[in-house]
Amino acid sequence: MGFFKDLLRPRPQEVGELLRAKYASFRRLLAANNEVLELITELEEAVSSGSGMSLEALRQMAGAVYPRVNQMIDDLNVIAEGRFRGLLGNLEKVAAGVDEALREVRGTSITAICIPIEGINRDLADAVGGKTAKLGEVRNRAGLPVPPGFAVTAFAYRAFVEAAGLQGRLSELWDRIQWDDMGSLAQASAAMQELIAGAELPQDVRETITLAAHDLYRKAPGRPRVSIRSSAIGEDGHASFAGQYATFLNVPLEQVLRRWKETVASKFSPRALFYMHSKGFREDEIAMSVGCFLMVDAASAGVAYSANPANPRSGSMLISGVWGLGKPVVDGSMTPDTFWAPRREGGGAIRTQPVRKTHRLVAAPQEGVLEEAVPPEKQEAPCLSEEQVLKLASYVRTLEAHFRGPQDVEWALDRQGRLFILQTRPLGLAAADVPEIPGEDVLSGYALLLSGGTTACAGAGAGPLVHAESDEELAAFPAGGVLVARQNSPRFVKVMTRAAAIVTEIGSASGHMACLAREYRVPTVTGASGATLLSPGIEATVDASRCRVYAGRVEELLAHAVLPSLRPRDRPSLAVAERVAARIAHLNLTDAAKNSFRAKNCRTYHDLIRFCHEMAISEMFRVNDYRHLRERGIAFRLDCEVPLGIYLIDLGGGVAASPGARSVKPGAITSIPMRALWAGMVTPGVRWAGARPIDVRGLMSVWANTMVDAGRAERGLGDDSYAMVGSHYVSFGSRLGYHFTTLESVCSDSVHENYISFRFKGGAADLERRERRVRF
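Fair warning: this is a prediction, and the values are worked out from it, not measured in the lab. (Residues numbered from 1 in each chain as written. Predicted model: local features only at pLDDT ≥ 70, side-chain atom pairs only at ≥ 80, totals over all residues. Heavy atoms only, no water.)

1. Description of the pattern of salt bridges
For the structure shown, the criterion picks out 29 salt bridges. One salt bridge in this structure joins Glu35 and Arg68, with 2.8 Å as the shortest N-O distance. Of this pair, Glu35 sits in helix 2 (residues 12–48) while Arg68 is found in helix 3 (residues 55–79), placing the two residues 33 residues apart along the sequence. Judged by relative accessible area, Glu35 falls into the partly exposed class, the value being 38%. Judged by its relative accessible area of 30%, Arg68 is partly exposed. For Glu172, the salt bridge goes to Arg169, with nearest N and O atoms at 3.5 Å. Of this pair, Glu172 and Arg169 both sit in helix 7 (residues 167–176), 3 residues apart, roughly one helical turn. Salt bridges sharing common partners tie together Arg122, Asp123, Glu137 and Arg141. (Salt bridge = Lys/Arg side-chain N within 4 Å of Asp/Glu carboxyl O. Helix = DSSP H or I, 4+ residues; strand = E, 2+ residues; numbered from the N terminus. Buried < 20%, exposed > 50% of the residue type's maximum accessible area, 1.4 Å probe, protein only.)

2. Some thoughts on the sheet that holds strand 9 (residues 351–353)
The antiparallel open sheet is built from 6 strands, whose spatial order is 9-8-7-6-12-13. With one partner strand each, in any of the chains shown, strand 9 and strand 13 (419–426) form the two edges of the open sheet. With direction set aside, neighbouring strand axes in the sheet form an average angle of 20 degrees. Of the strand pairs in this sheet, strand 12 (residues 407–414) and strand 13 are connected by 7 bridges, and their pairing is antiparallel. Paired with Leu413 across the bridge in strand 13 is Leu419. Seen against the sheet, helix 13 (residues 386–402) touches strand 6 (298–305), strand 7 (316–323), strand 8 (337–342), strand 12 and strand 13 and runs at an angle of roughly 40 degrees to strand 13. (Pairing = 2+ DSSP bridges. Axes fitted to C-alpha atoms, helices over the stretch in contact; angles between N-to-C directions. Contact = heavy atoms within 4.5 Å.)

3. So, the packing of aromatic side chains
In this structure the tally under the stated criterion is 5 aromatic pairs. Here Phe160 and Trp260 contribute two aromatic rings whose centre-to-centre distance is 5.9 Å and whose plane-to-plane angle is 65 degrees, an arrangement assigned as edge-to-face. Of this pair, Phe160 sits in helix 6 (residues 154–163) while Trp260 is found in helix 10 (residues 256–265), placing the two residues 100 residues apart along the sequence. With a relative accessible area of 1%, Trp260 lands in the buried category. Within the aromatic cluster, the residues linked to one another by ring pairs are Tyr23, Phe26 and Tyr729. The aromatic ring of Trp340 is capped on one face by Arg351, whose charged end is 4.4 Å from the ring centroid. Taking NZ or CZ as reference, Lys378 lies 4.9 Å from the ring centre of Trp323, over its face. (Phe/Tyr/Trp six-rings, centres within 6.5 Å; stacked < 30°, edge-to-face > 60°. Lys NZ or Arg CZ within 6 Å of the ring centre and 35° of its normal.)

4. Re the pairing of strand 7
A large share of strand 7 lies buried, amounting to 8 of its 8 residues. Residues of strand 7 alternate between two faces, with Ser316, Leu318, Ser320 and Val322 on one and Met317, Ile319, Gly321 and Trp323 on the opposite face, all of them buried. The pairing of strand 6 with strand 7 spans 6 bridges and is classified as antiparallel. Paired with Ser300 across the two strands is Trp323, which belongs to strand 7. In the sheet, strand 7 pairs with strand 8 via 6 bridges, with the strands oriented antiparallel. Note that in strand 8 the partner of Ser316 across the bridge is Pro342.

5. Details of the sheet that holds strand 19 (residues 524–526)
The strand order across the open sheet formed by 8 strands is 14-21-20-16-17-18-19-15, and the pairing between neighbours is mixed. The sheet is open, and its two edges are formed by strand 14 (448–451) and strand 15 (454–457), each paired on a single side. Each strand of the sheet is rotated relative to its neighbour by a mean of 30 degrees, with strand direction disregarded. Where strand 15 and strand 19 come together, 3 bridges link them in antiparallel fashion. Bridging across to strand 19, Thr455 finds its partner in Val525.

6. Quick notes on the nonpolar core
It is characteristic of soluble globular proteins that their nonpolar side chains tend to be buried jointly. Grouped together as the largest cluster of nonpolar side chains are 59 residues, with contacts concentrated most on Phe26, Leu43, Val69, Leu87, Tyr605, Leu608 and Tyr729. For this core, the secondary structure elements donating two or more residues are helix 2, helix 3, helix 4 (87–101), helix 18 (572–584), helix 19 (605–622), strand 23 (646–652) and strand 25 (721–726). At 13 residues, helix 2 tops the list of elements feeding residues into this core. In terms of nonpolar packing, the next biggest core, distinct from the first, is built from 50 residues, Ala159, Met192, Ile196 and Val226 among them. (Core = buried A, V, L, I, M, F, W, Y, C linked by side-chain atoms within 4.5 Å.)

Written as structure tokens, this is what we have:
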């Protein structure tokens, strides 16, 4: 209402200035929105490719995003007359979060000392470390069996180090290390480990770990034991830290605290310190979380690679195993049995290469492990049956699909035949081993259904084509389907965990939906003309890398769809980039129709620009009633043959009028969308005047509806129509009889800015006739 109060000011020129200011802010807001989306796209591509960005580049990006978002908030407040000033508080909170993320790995704000595995997923990697976080993800989201357990968090480590006053001394020792002098490294390592060994545990840390261990031991019959494994912040993530820290097997209850402390001390071994330094970390950036899990009484155990590292093109996964515990496979101390299973289900036969296994590692009666002889009848027998290999292969496929990339998996089979996942992490291959996308000659035998568009997220996916737009259709979207839609929408986030691929007819690679597709790593093609003509229900393969859709399943594409992500993700800069992306690029406000689409819920820069964009468009619709502007000499009457009183309000570049003119001819319209609207209004064959046959039934319908809607009849017929026009903008409001129409559009060279909206209300006729008038 504040805007209309401004329109009642005495001086007409002030009204025109206000309108032009709103329009200028609107266009500036749209431009800033596009610039921020381009920056978000650059950041997400760096994260999804595994290349990361330097700390300086991330700071420059954050510095470029902030003023643009700030400008958008200022422009929105010009358009909405200050109603969204509170967004500035959200902006400062987001900026503070980005600044925090720009620091190296620091752990998390979670203050729990222990967290049970039931409450863990990969979102808690900064609290419990990558190893335990992924095991929680495997159990709670991928739905695969994991031994019962709990995590002793990074917070417990920080509390211990802080209470003992160790961090200053540890940092001093780190800074003194001469990294090309192994003696210097060994000396610093010994001093650091001595500090850890001599420090007392805080009472709350000691008691909480003990209680969690008691609870865990009660979950198993007999005399259970646990395994205590390092899960440092950053481990099994972008830097594997493989074999750098301690693991203790078959630990009794009374030894849990001591082994936890020894695991913490292993962070300061010479090899761990050197590895840390070589990967670009500082000691104080790595907090040691520890996972504590019930021991699996293993009949056999080992490692599975979801792609064969020796030959990624082979289409097979590689499984290694031995009798007893899997430690000899992990540390390379024993030659294991080898099994080759197809990467895709039903893709071939199981191949087995057993070896002679004379000894195995088993849990000792009291604690620790011991080596014992394998019974003669088992020494040359494979440690897994074909049925067990098939089951393990299915687990590995599930992990690869869930984590969107090939996996290095530790597994164990207990004496009851139950299979458990003990660890999963990304499988790294040398860049030279990454297969190329199949060539044209290979794909020439497949029917091409669609070609063209823009890659929003590279890769390939196959499934039945599912046309879905509405909330109801999205709710019913089947797992493994290929979403086909006319236009990009952030609402499609609802199916991104289920969709094999996405194809849209209208959209770009830097919009909200494209950002979400990259975040969820769903192969996506946008701007694919003719996509909605694809027949729903048919099986198809989407090659998002080359923007093509083929009929049926193209196994040559699907077999290698995930391999481009195999290159090692061990750069510390990537860890920082992912955290920065979470605060800049993540989108929480995906649906403007939901009650949650509010200013208070803007928690990232992407949320803020999405909210500003949506609210700006909504506010511009409010500026659509200019009947009084004619009297103030601001509007130009359109001198034309159409029997409507049309007035044009020029916001800049919309009308070419002579100085002092009160009316203009249609040829003076320079607004692109208004010219298009006018061309439609004067289309040959459309008659605006002249006699029409009288339809008695229609006349009675008008009379009946007029009686019911008498309140509207008081205003009379044929009110003037007004169009607010700029060079690329129109907001046209019209009242013809009892029909109230508003049409608004931006038509520019930038696809990101363009939109059109049409609203229709009223009409003193039955529904059928009103629908005809809407179509007209």
